[in-house]
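A structural walkthrough
Chain by chain, the residues run as shown.
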Amino acid sequence: EPEVTQTPSHQVTQMGQEVILRCVPISNHLYFYWYRQILGQKVEFLVSFYNNEISEKSEIFDDQFSVERPDGSNFTLKIRSTKLEDSAMYFCASRGRQGSRDEQYFGPGTRLTVT
Amino acid sequence: QQQVKQSPQSLIVQKGGISIINCAYENTAFDYFPWYQQFPGKGPALLIAIRPDVSEKKEGRFTISFNKSAKQFSLHIMDSQPGDSATYFCAAVDTGRRALTFGSGTRLQVQP
């Protein structure tokens, strides 16, 4: 069964450093998302991406964040200058073709720890 | 208005019992309501979903009940098993955004 994969599973970085979180969505999906989950809290939407551009972003997704689909398979989230409060689980999700049902499938997540 | 309110925060059920988790929303533009199951250290996994044109959907031991007029929906887990112990999130998607708005989660513990 196709699945969303994410790397690394755990990333530790120092405050102020740049990090790139990587995702490989399900191969025939067209819509891509990043969500985050601070420990013990609910999952929060960050950004959605379709047709090589951001289709929507939340207030959390400020100028420190960027997304990119550098090739036909990868989808990345970059945090330019990490802050302590960026420590969270980051989940990538993907959704099917246009006109398909709304199911979003999540990857296993990357735990980001900012020290 | 984008919020989805979920209760209870935690739930303990005996094996074989019925687990019931409730969610409520305000945004009438929501048109798709999935439930996700999350085990510790894992990503949310889609469990079951419903659209507002039906009042109930059943898949195996899992049933969603939907009350459009009250803007409420609930997940029922029949014959709950210890393997069902996880955190459950309700969510909603509106016609414009398509991003998921999650509830705050319910930690379910099924005691053997």
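Here the structure is shown first, and the text comes after it.
Report on the accompanying structure. For every chain, the first residue of the written sequence is number 1, and numbering continues from 1 onward in sequence order. Chains and ligands are labelled by the order in which they are written, letters from A for the one and numbers from 1 for the other. Local features in this predicted model are restricted to residues of pLDDT 70 or higher, and side-chain atom pairs are both shown and tallied only at a pLDDT of 80 or more, whereas totals for entire chains, interfaces and linings draw on every residue. For the side-chain quantities, the full set of heavy atoms in the structure was used; hydrogens and water were omitted.

**Section: a nonpolar patch on the surface**
All names here are of chain B. Stated formally: Each patch is built from residues that are more than 30% exposed by relative accessible area and take part in no salt bridge. Like charges join if they lie within 9 Å; nonpolar side chains (Val, Leu, Ile, Met, Phe, Trp, Tyr) join within 5 Å. Using a 1.4 Å probe, the Shrake-Rupley method yields the accessible areas, and only the shown protein chains count as cover for residues. A carboxyl oxygen of Asp or Glu within 4 Å of a side-chain nitrogen of Lys or Arg is what we treat as a salt bridge. Think of it this way: any DSSP run of H or I at least four residues long counts as a helix, any run of E at least two long counts as a strand, and we number them from the N terminus. Categorising residues by exposure relies on relative accessible area from a 1.4 Å probe, with only protein chains included: less than 20% of the type maximum marks a residue as buried, more than 50% marks it as exposed, and the intermediate range marks it as partly exposed.
On the surface, a nonpolar cluster with roughly 240 Å² of combined accessible area is contributed by Ile18, Ile20 and Met78. Mapped onto the secondary structure, Ile20 falls in strand S3 (residues 19-25). Ile20 gets classed as partly exposed once you look at its relative accessible area, which sits at 37%.

**Examining the pattern of salt bridges**
This structure, assessed with the given rule, holds 4 salt bridges over all chains. The closest approach of N and O atoms between A:Glu44 and A:Arg36, which form a salt bridge, is 3.4 Å. Classification of A:Glu44 by relative accessible area gives partly exposed; the value is 23%. Measuring nitrogen to oxygen at the nearest pair gives 2.8 Å for the salt bridge that ties B:Arg61 to B:Asp84. One end of the pair, B:Arg61, is in the loop between strand S6 (56-59) and strand S7 (62-67); the other, B:Asp84, is in the loop between strand S8 (72-77) and strand S9 (86-94), and 23 residues separate them in sequence. A residue is classified by how much of its surface remains accessible, and B:Asp84, at 5% relative accessible area, is buried.

**Some details on the state of the cysteines**
Put simply, the rule reads: By convention in this document, the label disulfide applies to cysteine sulfur atom pairs within 2.5 Å.
For the coordinates displayed, the defined rule picks out 2 disulfides over all chains. The disulfide that involves A:Cys23 links it to A:Cys92, with 2.0 Å between the sulfurs. Taking the sign of the S-S torsion, about -60° here, the bridge from A:Cys23 to A:Cys92 comes out left-handed. Taken together, the residues span a long stretch of sequence, with A:Cys23 in strand S3 (residues 19-24) and A:Cys92 in strand S9 (residues 88-95) at a distance of 69 residues. On the basis of relative accessibility, which here comes to 1%, the residue A:Cys23 falls in the buried class. Across the disulfide, B:Cys23 is cross-linked to B:Cys90 (sulfur-sulfur distance 1.9 Å). Measuring the twist about the S-S bond at about -95°, one finds the B:Cys23-B:Cys90 disulfide to be left-handed. Remark: B:Cys90 occurs in strand S9 and B:Cys23 occurs in strand S3; sequence separation between them is 67 residues. Neither B:Cys23 nor B:Cys90 differs from the other in exposure class; each is buried.

By themselves, these figures tell us nothing about what the structure is for.
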